[in-house]
Amino acid sequence: MKVFNPIGTAMSNPVQLGAGKCIITNGSRTIVESVIDILGTSRGENFMVEDYGSRLEETLFSPNDQVTFSIIKQMVIEALNTWEKRISIDEVTVSKSKEFNIKCNIYIKFTVVSTNLTDSFIYPFYEKLAT
């Protein structure tokens, strides 16, 4: 008996192979992979949908400070509200990484609209290129 999955299923992103077949993900993992894809894609990078993605690359050479973190937060919310309609954003927090000065962690908490279940994860973002 198949159980209805309101979130859907998709090929893993990035595409992974297991036993010669594409690995299929479902549930909130599908949404997390979609969010990672949206945030990791610069606008204009996808030639099929030119506006797809986020504007995070605009902050690459900005200082690791609260002003930049506020800008990053707004960019994340804008991108996810535009491209991931299956979720509503509950919280986005940006903080400096303890391990690396060039990295910040973007904490994203969301609710899946169709199931009302919440989930969260941390997206690592490298603000500056290492020299």
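Keep in mind that what you see is a predicted model, and the values were worked out from it rather than measured. (Residues numbered from 1 in each chain as written. Predicted model: local features only at pLDDT ≥ 70, side-chain atom pairs only at ≥ 80, totals over all residues. Heavy atoms only, no water.)

Caption draft 1: Up close: the overall build of the protein chain. On a plain count of helices and strands, the protein chain comes out with 2 helices and 7 strands. Relative to its full complement of 131 residues, the protein chain shows a buried share of 34%. Taken as a whole, the protein chain presents about 8,200 Å² of accessible surface, with 56% of it coming from carbon and sulfur. (Helix = DSSP H or I, 4+ residues; strand = E, 2+ residues; numbered from the N terminus. Buried < 20%, exposed > 50% of the residue type's maximum accessible area, 1.4 Å probe, protein only. Areas by Shrake-Rupley, 256 points an atom, 1.4 Å probe, with all protein chains shown as cover.)

Caption draft 2: Geometry of the packing of aromatic side chains. Going through the model one piece at a time under the given rule, you end up with 1 aromatic pair. Taking 5.3 Å as the distance between ring centres and 65° as the angle between the ring planes, the aromatic pair formed by Y52 and W83 counts as edge-to-face. Of this pair, Y52 sits in the loop between α1 (28–40) and α2 (66–83) while W83 is found in helix α2, placing the two residues 31 residues apart along the sequence. When its relative accessible area of 28% is taken as the criterion, W83 is described as partly exposed. (Phe/Tyr/Trp six-rings, centres within 6.5 Å; stacked < 30°, edge-to-face > 60°.)

Caption draft 3: Main features of the sheet that holds strand β5 (residues 87–96). The 3 strands are arranged β5-β6-β7 in an open sheet whose pairing can be described as antiparallel. Each having just a single partner strand, β5 and β7 (118–126) make up the two edges of the open sheet. The mean angle between the axes of side-by-side strands here comes to 20°, regardless of whether they run parallel or antiparallel. Note: β5 against strand β6 (residues 103–112), 9 bridges, orientation antiparallel. Note that in β6 the partner of S88 across the bridge is T111. Contacts from α1 reach β5, β6 and β7, with the element oriented near 30° to β7. The strands that α2 touches are β5, β6 and β7; relative to β5, the one it contacts most, it runs at about 155°. (Pairing = 2+ DSSP bridges. Axes fitted to C-alpha atoms, helices over the stretch in contact; angles between N-to-C directions. Contact = heavy atoms within 4.5 Å.)

Caption draft 4: Up close: the packing of α1 against α2. Here α1 crosses α2 at 120°, and the two axes come no closer than 10 Å. Classified by the interaxial angle, the pair formed by α1 and α2 is oblique. α1 and α2 meet at a crossing whose hand is right-handed. For the pair formed by α1 and α2, the contact residues are V35, I38 and L39 on the first element and V76, A79, L80 and W83 on the second. (Parallel < 35°, antiparallel > 145°, perpendicular 65-115°, else oblique. Left-handed = near helix turned anticlockwise from the far one by under 90°.)

Caption draft 5: Structural context of a nonpolar patch on the surface. On the surface, F47, M48 and V49 cluster together into a nonpolar patch covering about 380 Å² of accessible area. Among the structural elements, V49 can be located in the loop between α1 and α2. (Patch = residues over 30% accessible without salt bridge, like charges linked within 9 Å, V, L, I, M, F, W, Y side chains within 5 Å. Salt bridge = Lys/Arg side-chain N within 4 Å of Asp/Glu carboxyl O.)

Caption draft 6: Spatial organisation of the pattern of salt bridges. One pass over the full model with this rule turns up 4 salt bridges. Ionic pairing is found between E78 and R43, a salt bridge with its closest N-O pair at 2.9 Å. With a gap of 35 residues between them, E78 in helix α2 and R43 in the loop between α1 and α2 connect regions that are remote in the sequence. A salt bridge links R55 to E58; its shortest N-O distance comes to 3.2 Å. Counted as one network, the salt bridges with shared partners bring together R43, R55, E58 and E78.

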